[in-house]
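Read off the chains here:
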Amino acid sequence: RSVYNSMTSRLLVDKIEGKSASGSVQMPSGSVVQVGTQVQVNNIQATLTSTTFTAVGNGLIASITPKFASSKIRIVLAFQTYSVSNYSAVNVYRSVAGGTYEATSTYPIMNGGNDWETKSLVTIDTPTYSVGQTIQYQPYQAGHNSSNAVYFGWGSSGRGSSCTMHCEEIAG
C-alpha cells in the first residue's frame with residue numbers, strides 16, 4: 001500500500017536578516033554568500049619581459065568585502081595569453097585592506113610558447129582578514145625568460161578581446 005502526502009509548504013520572503021544583526025545569518029558551509037565586483041576590460045594587451053611576477057594592471061582588479069570571518073573566496077578569471085619562444089605564467093594576487101599584493105597560490109597556470117590561448121583560472125583563496133576589510137584581486141604574469149615578451153590579452157587585433165574577473169564569498 002502506498003502512502004501519498006499531498007501537503008506542500010511554501011516560504012515566501014523578501015529579505016532574510018539575523019535576529020540580532022543584519023549580517024549574522026548562518027549560511028551552510030560551501031554556500032555562496034555574495035558576489036563581489038565583476039570587472040571586464042576590453043582590448044587589453046599587457047606586454048611583459050620579466051621573469052618576476054608583475055601586475056597586469058589596466059583596471060583588471062576585482063574586490064569583495066566579506067560578511068563573515070571564516071569565509072573562503074572563489075576567484076574566476078577569463079583571459080588570453082600569447083608568447084613567442086617563451087613560457088607564460090599567470091597567477092592571482094590579493095591585497096587585504098590596501099596592503100601589499102601577495103600570491104594566492106604557489107602553482108600558477110602556465111602555457112607553452114608560440115601560440116595564442118584563451119584560459120580560465122578558477123581558484124579558492126583562504127585569506128586572513130577581519131570582517132569589514134576589502135580584499136582586492138588582480139592577475140600577475142611572468143615569463144620564463146626575459147629575452148622574449150609574454151602578452152596578457154589580445155589587444156584590439158582581429159576582433160578584439162575581453163578579459164573578465166570576479167570573486168565570490170563562500171561560507172566556511
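Structure's up top.
Quick look at the structure, then. (Residues numbered from 1 in each chain as written. Predicted model: local features only at pLDDT ≥ 70, side-chain atom pairs only at ≥ 80, totals over all residues. Heavy atoms only, no water.)

## Re the overall build of the chain
- A count of helices and strands for the chain gives 0 helices and 12 strands.
- The linear arrangement of helices and strands in the chain, starting from the amino end, is β-β-β-β-β-β-β-β-β-β-β-β.
- Overall, the C-alpha framework of the chain stretches about 70 × 45 × 30 Å when taken along its three principal axes.
- Here the chain holds 172 residues, and 38% of them are scored as buried.
- Within the chain, residue pairs in contact and separated by at least 24 positions form 81% of the contacts whose partners lie at least 6 positions apart.
- Of the roughly 10,100 Å² of accessible surface on the chain, a fraction of 48% belongs to carbon and sulfur atoms.
- For the chain, the separation between the mean place of its 10 positive charges and that of its 8 negative charges on side chains is 11 Å. (Helix = DSSP H or I, 4+ residues; strand = E, 2+ residues; numbered from the N terminus. Buried < 20%, exposed > 50% of the residue type's maximum accessible area, 1.4 Å probe, protein only. Contact = heavy atoms within 4.5 Å. Areas by Shrake-Rupley, 256 points an atom, 1.4 Å probe, with all protein chains shown as cover. Lys, Arg positive; Asp, Glu negative; His and termini not counted. Charge placed at Lys NZ, Arg CZ, Asp CG, Glu CD.)

## Description of the nonpolar core
- The biggest cluster of nonpolar side chains holds 22 residues, and the ones touching the most others in it are L60, L77, Y137, F152 and M165.
- Contributions of two or more residues to this core are made by strand 1 (32-42), strand 4 (62-64), strand 5 (72-83), strand 6 (88-96), strand 10 (135-143) and strand 12 (162-170).
- L60 has contacts with V39, V41, L77, Y137, Q138, P139, F152, C163, T164 and M165, leaving out every residue within four places of it along the chain. (Core = buried A, V, L, I, M, F, W, Y, C linked by side-chain atoms within 4.5 Å.)

## Considering the packing of aromatic side chains
- Within the structure shown, the criterion is met by 5 aromatic pairs.
- Seen in terms of ring centroids, F79 and F152 are 5.2 Å apart; in terms of plane orientation they differ by 5 degrees. Their pairing is stacked. Of this pair, F79 sits in strand 5 while F152 sits in strand 11 (residues 150-152); the two residues are 73 residues apart in sequence, bridging distant segments of the chain.
- Note on F152: relative accessible area 0%, which makes it buried.
- An aromatic cluster of at least three residues, connected via ring pairs, comprises F53, Y93, Y101 and Y140. (Phe/Tyr/Trp six-rings, centres within 6.5 Å; stacked < 30°, edge-to-face > 60°.)

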